[in-house]
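Structural description and commentary
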Amino acid sequence: MMINGSCLCGLVKYEISGKVGDIVHCHCKTCRKAHGSAFSSVAAVQDCDFNLLAKDSLFSYESSAGKYRYFCSNCGSQIYAKRDDAAHVILRLGSLDSDIGSQEKEHIWISEKANWYCTNSQLPEREKFE
């Protein structure tokens, strides 16, 4: 079964032929700023399983050393992030068009969590991500 995703305006599209990893909710300052929200829900997808179908409007920004955030230059939708030394992309789950069977795993970077947000969940919480 193929999993599909896209940006808000549809100029960036992708498909995933393999497994989407466990869901992690990242509360780090850069995720909060990039998404304009309390946290970013992400999951790992192996490079070999991730295929960009339409990418003319895909741009990137190096938000920290060796980590690039990929987004649509037309509508601003965050699509994925990629570290130089990783064999996977960090998929921004809000860009999915298909349902996935992945499970929530944890909240990370709680040490940088927005003070106005309370997790109120039974998921494990880590101060940082190591």
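For the structure itself, consult the block above.
Conventions we followed
Residues numbered from 1 in each chain as written. Predicted model: local features only at pLDDT ≥ 70, side-chain atom pairs only at ≥ 80, totals over all residues. Heavy atoms only, no water. Pairing = 2+ DSSP bridges. Helix = DSSP H or I, 4+ residues; strand = E, 2+ residues; numbered from the N terminus. Phe/Tyr/Trp six-rings, centres within 6.5 Å; stacked < 30°, edge-to-face > 60°. Buried < 20%, exposed > 50% of the residue type's maximum accessible area, 1.4 Å probe, protein only. Lys, Arg positive; Asp, Glu negative; His and termini not counted. Salt bridge = Lys/Arg side-chain N within 4 Å of Asp/Glu carboxyl O. Contact = heavy atoms within 4.5 Å. Axes fitted to C-alpha atoms, helices over the stretch in contact; angles between N-to-C directions.

When strand β3 (residues 23-26) meets strand β4 (residues 40-46), the two strands line up antiparallel, connected through three bridges. Paired with C26 across the bridge in β4 is S40. Sheet topology note: the β4/strand β9 (residues 88-92) ladder contains five bridges and is antiparallel. Bridge pairing links V42 to R92 in β9.

Our focus in this paragraph is unusual backbone geometry. For W109, which is not a glycine, the phi torsion comes out positive at approximately 55 degrees. Within the secondary structure, W109 is located in the segment after β10 (104-108).

Looking now at the packing of aromatic side chains. Pairs of aromatic rings are described using the distance from one ring centre to the other and the angle between the two planes. Evaluated as defined, the whole model comprises four aromatic pairs. Note on Y14 and F50: the rings are 5.1 Å apart at their centroids and 35 degrees apart in plane angle, and the pair reads as tilted. With Y14 in strand β2 (residues 13-16) and F50 in strand β5 (residues 50-54), the pair connects residues that are 36 residues apart, well separated along the chain.

With respect to the secondary-structure elements, K67 resides in strand β7 (residues 67-72). Summary of buried charges: K67 has no salt-bridge partner, and the nearest side chain of opposite charge, E112, is 9.9 Å away. The residues contacting K67, other than those within four sequence positions of it, are Y61, E62, A81, K82, R83, I90 and R92.

Evaluated as defined, the whole model comprises one salt bridge. Between K82 and D47 there is a salt bridge, with its nearest N and O atoms 2.8 Å apart. Here K82, found in strand β8 (residues 78-83), pairs with D47, found in the loop between β4 and β5; they are 35 residues apart in sequence, far enough to count as distant. On the basis of relative accessibility, which here comes to 32%, the residue D47 falls in the partly exposed class.

Read across the sheet, three strands follow the order β1-β2-β5 without closing on themselves; strand pairing throughout is antiparallel. Because the sheet does not close on itself, it has two edges, and the strands there are β1 (3-6) and β5. Strand after strand, the sheet turns through a mean of 25 degrees between neighbouring axes, direction not considered. Here β2 pairs with β5 via four bridges, running antiparallel. Counterpart to E15 in the pairing with β5 is N51.

We now examine the pairing of strand β6 (residues 58-64). Summarising the sheet, β6 and β7 pair through six bridges and their orientation is antiparallel. Across the sheet, residue S64 finds its bridge partner in β7, namely K67. Between β6 and the antiparallel strand that follows it, β7, lie two residues; G66 among them carries a positive phi value of about 80 degrees.

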